[in-house]
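# Structural description and commentary
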Amino acid sequence: MVIQNKDAVAEVPLALVSNPYLDELTAGLRARPIPWEGYQRATLITPTELNYIKAVEKKTGEDLSRVVENEGPVYADLFISLLQKLVRVDTIQSILILIDDLLLDHEERATYFLDLVKKDPSLPYAPLLKCLRSEDDFVPLKASKILTTILCASPKPSSEAAEELFRWTTAQLQSNSPAVVDLAVQVLESVLRQRAVRPIYWNSPHAMDALVKILKTEAPTPQMQYQVIYCFWILTFDTEIAQDINRRYDVIPPLVEIAKSAIKEKVIRVIISTLRNLVEKAPEANLAAMAAVKLLTFTENLSTRKWSDGEILEDVNYLKAELEENFQTLTTFEVYQAELLSGRLIWSPPHQSDLFWTKNWRELKKENYALLRILARLLSTAGDPIVLSVAANDIGQYVKRDPSSKKFLQELGVKQRIMELMSHPDQDVRYNSVNASWSLIGGSGRV
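The protein chain goes by V-type proton ATPase subunit H in an unreviewed UniProt entry, where it is assigned to Linnemannia gamsii. Entered under Sequence similarities (unreviewed entry) in the UniProt record, the comment concerning the protein chain runs "Belongs to the V-ATPase H subunit family."

So, in C-alpha cells, the structure goes:
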C-alpha cells in the first residue's frame with residue numbers, strides 16, 4: 001500500500017486482522033463436535049435452525065459461498081441469535097468460527113449483520129461485545145476480529161461498540177503474549193481507518209499510553225514498530241490529535257530515533273508520513289520539537305538516498321522545505337523549550353549562552369515554575385550522563401539569575417540531588433554539578 005498525506009486518502013482500504021496465533025486456535029477448535037441435535041431436542045433451537053446450521057457446518061471457502069449465496073441475511077440473523085441464547089463456551093466458540101468463516105474474504109457480507117439493527121437497535125454489536133468480556137482465551141480474540149470487520153464496513157460505526165472495543169484493545173496491548181499484542185494492534189490499524197472513531201480512541205482512558213509504551217519501552221520488532229506507527233499516522237489526520245499528540249506523549253523524538261536506525265524502508269516511510277501530517281495539520285505545535293531533535297539535518301540526509309518508493313522522497317522533500325522555511329521563524333527559546341519538554345537534553349548552543357539565559361530565564365518561572373520543575377525532575381530521573389550534565393548546568397544558570405528560587409529548589413530536592421551528583425562516576429556530571437552547587441549555596445564562581 002502506498003502511503004500518501006492528502007486528506008482524501010485518510011479513508012484507506014479495509015485491512016484484515018490476520019493473526020497466526022488466532023488461526024492456530026481456530027484450527028484446533030474447528031473439528032470439535034457440537035451437540036446441535038441436543039439443543040434442538042431441548043428446544044433451544046428450532047428444527048429449521050438446526051437444518052441451516054448443518055448446511056454450513058464444516059464448510060469453508062467456495063463450498064460455504066454456494067450455501068449462503070442467497071441466504072446471507074438469514075445466516076447473519078441465525079448466528080447472532082445463537083450468540084444471544086446459548087451460553088456454553090464451546091458452542092460460543094463454534095458460532096464465532098461460523099461467523100468468521102462467513103465474513104472471511106467477503107467483507108461485503110458484514111452488511112447482513114449491520115442490517116440487523118432494523119430488527120433490534122442493540123444488534124449486531126451487543127452479543128459480540130459480550131464475547132469480549134468472556135474469560136475464555138479464544139472467544140474475545142475471535143469476537144474482536146469479527147467486530148473489526150463489521151465496524152470497518154459500517155457507514156456510521158457505532159460509538160458504543162468502538163468505545164468497548166478500544167477498552168479491550170487497551171488491556172490487550174499490555175498482555176505478556178506478543179501474539180495477543182499483535183492482534184490488538186491489527187484491530188486498531190483497521191478500525192482507526194474509520195474517521196469517526198479516531199476521537200473516540202484518542203479520548204479513551206489509557207489507550208494512547210498503552211500504544212505509545214510499546215514504541216518507547218518494549219523494544220518492538222520492525223513489524224510491530226511499523227504497525228504502531230501506522231496507527232499514529234492514521235490518527236494524525238485528525239487536526240486536534242496532531243496538535244496535541246507530541247505535547248501529551250512526546251512522540252516526535254522516538255519517531256526520529258527509530259527512523260535513523262530503521263533498516264526496513266516501510267518503517268521510515270510511515271514515520272516520514274506521520275511527521276508530514278504533524279507539519280501539515282499543526283505546524284505551530286510541532287515545529288519546535290522537530291527543531292530540537294535536528295530533524296532538518298536528518299531530512300537532508302534522507303533526501304540523498306535512493307528509495308524504491310518514490311513517495312518517500314516526495315514526503316522527505318516536503319518536510320525539508322517546510323522545516324527550512326519555518327525554522328527561521330522559531331525563537332531560540334522555543335527550540336530550548338521543546339528540547340526540555342522532550343527530556344532529551346543535549347549540549348545545544350542555548351545551554352551555555354549567557355545572552356540566552358539573561359534574556360530568557362524568566363520563562364522558566366511561568367505557570368508556577370513549570371519548566372524549572374521539569375529540570376528538577378530530569379535531575380532526579382534521568383540516567384543519561386549528558387542529560388544530567390546539561391540539567392545541572394541549566395539549574396546553575398537559572399539560579400545565578402534568580403537567587404530567590406533557592407528555597408523553592410531545595411523543597412524540590414534539587415540541592416540534595418546536586419550534592420549526590422557531585423560524586424557521579426561521569427566526569428562531566430561531576431563538573432556541572434559542582435558548578436551548580438556554587439550557585440545554590442551562594443557562590444558565584446565556576447570550577
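### Some details on the overall build of the protein chain
When helices and strands are counted, the protein chain shows 27 helices and zero strands. Seen along its three principal axes, the alpha-carbon backbone of the protein chain occupies a region of about 95 × 45 × 35 Å. Each of the 447 residues in the protein chain was classed as buried or not, and the buried ones make up 54%. Here the analysis covers contacts within the protein chain between residues at least 6 apart in sequence; of these, 69% occur between residues at least 24 apart. Of the roughly 20,700 Å² that the protein chain leaves accessible, carbon and sulfur atoms contribute 51%.

### Quick word on the UniProt feature "domain: ATPase V1 complex subunit H C-terminal" (unreviewed entry) in the protein chain
Annotation from UniProt places "domain: ATPase V1 complex subunit H C-terminal" (unreviewed entry) at residues 330-440. Taken end to end, residues 330-440 has its terminal C-alpha atoms 32 Å apart, with 71% of it in helix and 0% in strand.

### What about the state of the cysteines?
Considering all chains together, one arrives at zero disulfides under this definition. C231 takes part in no disulfide bond, and the closest cysteine sulfur to it belongs to C152, at a distance of 12 Å.

### Comments concerning empty space enclosed by the protein
Enumeration over the complete set of coordinates arrives at three cavities of 30 Å³ or more. There is about 130 Å³ of room inside the largest cavity. Looking at the largest cavity, the residues that line it are L29, R30, R32, I34, W36, E57, K58, S94, I97, L98 and D101. Elements that contribute at least two residues to the lining of the largest cavity include exactly α1 (20-30) and α6 (89-103). No other element matches α6, which puts four residues into the lining of the largest cavity.

### Remarks on the layout of surface pockets
Its boundaries defined by the atoms lining it, the largest pocket holds a volume of some 480 Å³. Elements represented by at least two residues in the lining of the largest pocket include exactly α15 (239-249), α18 (283-292) and α21 (332-342). No other element matches the six residues that α18 contributes to the lining of the largest pocket. Counted by class, the lining of the largest pocket contains eight nonpolar, six polar and four charged residues.

### Focus: α21
Listed in full, the buried residues belonging to α21 are F333, Y336, A338, E339, L340 and S342. The inward-facing, buried residues of α21 contact α16 (252-261), α18, α22 (354-360), α23 (366-381) and α24 (385-401). Positive backbone phi, at 80°, marks G343, one or two positions downstream of α21.

### Some details on the packing of α23 against α24
For any two helices packed against each other, the geometry comes down to the angle between their axes and how far apart the axes lie. With their axes 9 Å apart at the nearest point, α23 and α24 run at an angle of 140° to one another. It follows from the interaxial angle that α23 and α24 lie oblique. Crossing hand, α23 versus α24: left-handed. Together, Y369, L372, L375, L378 and L379 of α23 and V387, L388, A391, A392, D394, I395 and Y398 of α24 make up the contact between the two elements. Split by residue class, the contact of α23 with α24 holds eleven nonpolar, no polar and one charged.

### Topic: the packing of helix α3 (residues 47-56) against helix α5 (residues 72-85)
For the pair α3 and α5, interaxial distance at closest approach is 11 Å and the crossing angle is 110°. The orientation of α3 with respect to α5, classified from their angle, is roughly perpendicular. Counted together, E49, Y52, I53, A55 and V56 of α3 and V74, Y75, L78, F79, S81, L82 and K85 of α5 form the full contact between these two elements. For the contact of α3 with α5, the class distribution of residues is nine nonpolar, one polar and two charged.

### Points about the pattern of salt bridges
If you walk through the whole model with that rule in mind, you get 22 salt bridges. We note a salt bridge from K119 to D77, for which the minimum N-O separation is 2.7 Å. Within this pair, whereas K119 is found in the loop between α7 (110-114) and α8 (125-132), its partner D77 is found in helix α5, the two being separated by 42 residues in sequence. In this structure, K260 and E257 form a salt bridge, with 3.9 Å as the shortest nitrogen-oxygen distance. Taken together, the positions of K260 and E257, both in helix α16 and three residues apart, correspond to about one turn of that helix. Classification of K260 as partly exposed rests on a relative accessible area of 39%. Several salt bridges converge on common partners, so that one network encompasses E37, K54, E57 and K58.

### Points about helix α4 (residues 61-68)
Within α4, the full set of buried residues consists of L64, S65 and V68. Taken down its axis, α4 places every buried residue within 105° of arc, on the same side. Facing away from the buried side of α4 by more than 90 degrees, the exposed set consists of E62 and R66. For α4, the secondary structure elements touched by its buried residues are α3, α5 and α6.

### Considering the nonpolar core
Ranked by internal contacts, the top residues of the largest apolar core, which has 123 residues, are W36, F79, L173, Y201, F232 and L275. Here this core gets ten residues from one element, more than from any other, and that element is helix α14 (residues 222-235). The contacts of F232, once residues within four sequence positions are left out, are M208, L211, V212, L215, I245, V251, L255 and T274.

### So, the packing of aromatic side chains
Scanning the model with the defined rule gives 15 aromatic pairs in all. Consider the rings of W202 and Y249, whose centres lie 5.7 Å apart with planes at 80°: the pair is edge-to-face. With W202 in helix α12 (residues 198-202) and Y249 in helix α15, this residue pair connects regions lying 47 residues apart in the sequence. The exposure class assigned to Y249 is buried, which follows from its relative accessible area of 10%. Between the aromatic rings of Y226 and Y230, the centroid separation amounts to 5.7 Å while the plane-to-plane angle is 50°, which identifies the pairing as tilted. Here Y230 and Y226 lie together in helix α14, a separation of four residues that amounts to about one turn.

The rules we used
Here the residue numbering is sequential within each chain, running from 1 through the sequence in written order. Per-residue local features of the predicted model are confined to residues with pLDDT of at least 70, and side-chain atom pairs are confined, for both listing and counting, to 80 or more; whole-chain, interface and lining totals are unaffected and use all residues. Just so you know, side-chain values use all the structure's heavy atoms and leave hydrogens and water out. UniProt positions are given in the numbering used here, feature names are shortened, and annotations may be inferred rather than shown by experiment. The helix and strand labels rest on DSSP assignments: H or I over at least four residues marks a helix, E over at least two residues marks a strand, and numbering proceeds from the N terminus. Relative accessibility thresholds used throughout: buried, under 20% of the residue-type maximum; exposed, over 50%; partly exposed, between the two (1.4 Å probe, protein chains only). Here, two residues are considered to be in contact whenever any of their heavy atoms come within 4.5 Å of each other. All accessible-area figures derive from a Shrake-Rupley calculation using a 1.4 Å probe, and residue coverage is judged against the displayed protein chains alone. Disulfides are defined as cysteine sulfur pairs within 2.5 Å. A cavity here means a set of points on a 1 Å grid, drawn over the protein atoms and nothing else, where a 1.4 Å probe fits but cannot get out; a pocket is an open set with protein on both sides within 12 Å along at least five of seven lines, and a residue lines either one if it has an atom within 4 Å of a point. Grid points are joined across faces, edges and corners, and a volume is the space filled by probe spheres set on the points. Classes in brief: Ala, Val, Leu, Ile, Met, Phe, Trp, Tyr, Cys and Pro nonpolar; Asp, Glu, Lys and Arg charged; the others, Gly included, polar. Axis lines are fitted to C-alpha atoms, over the contacting stretch for helices. Their N-to-C directions set the angle, which ranges from 0 to 180 degrees. When describing relative orientation, an angle under 35 degrees is termed roughly parallel and one over 145 degrees roughly antiparallel, while 65 to 115 degrees is termed roughly perpendicular and anything else oblique. Helix crossings are classified by the rotation of the near helix relative to the far one: an anticlockwise turn of less than a right angle makes the crossing left-handed, while a clockwise turn makes it right-handed. By definition here, a salt bridge exists when the distance from a side-chain nitrogen of Lys or Arg to a carboxyl oxygen of Asp or Glu is within 4 Å. By construction, the arc corresponds to the directions joining the helix axis to the C-beta atoms. In plain words, nonpolar cores are sets of buried Ala, Val, Leu, Ile, Met, Phe, Trp, Tyr and Cys residues tied together by side-chain atoms within 4.5 Å. Each pair of aromatic rings taken from Phe, Tyr and Trp, with Trp reduced to its six-membered ring, is defined by centres within 6.5 Å and is described as stacked if the planes are under 30 degrees apart, edge-to-face if over 60, and tilted in the remaining cases.

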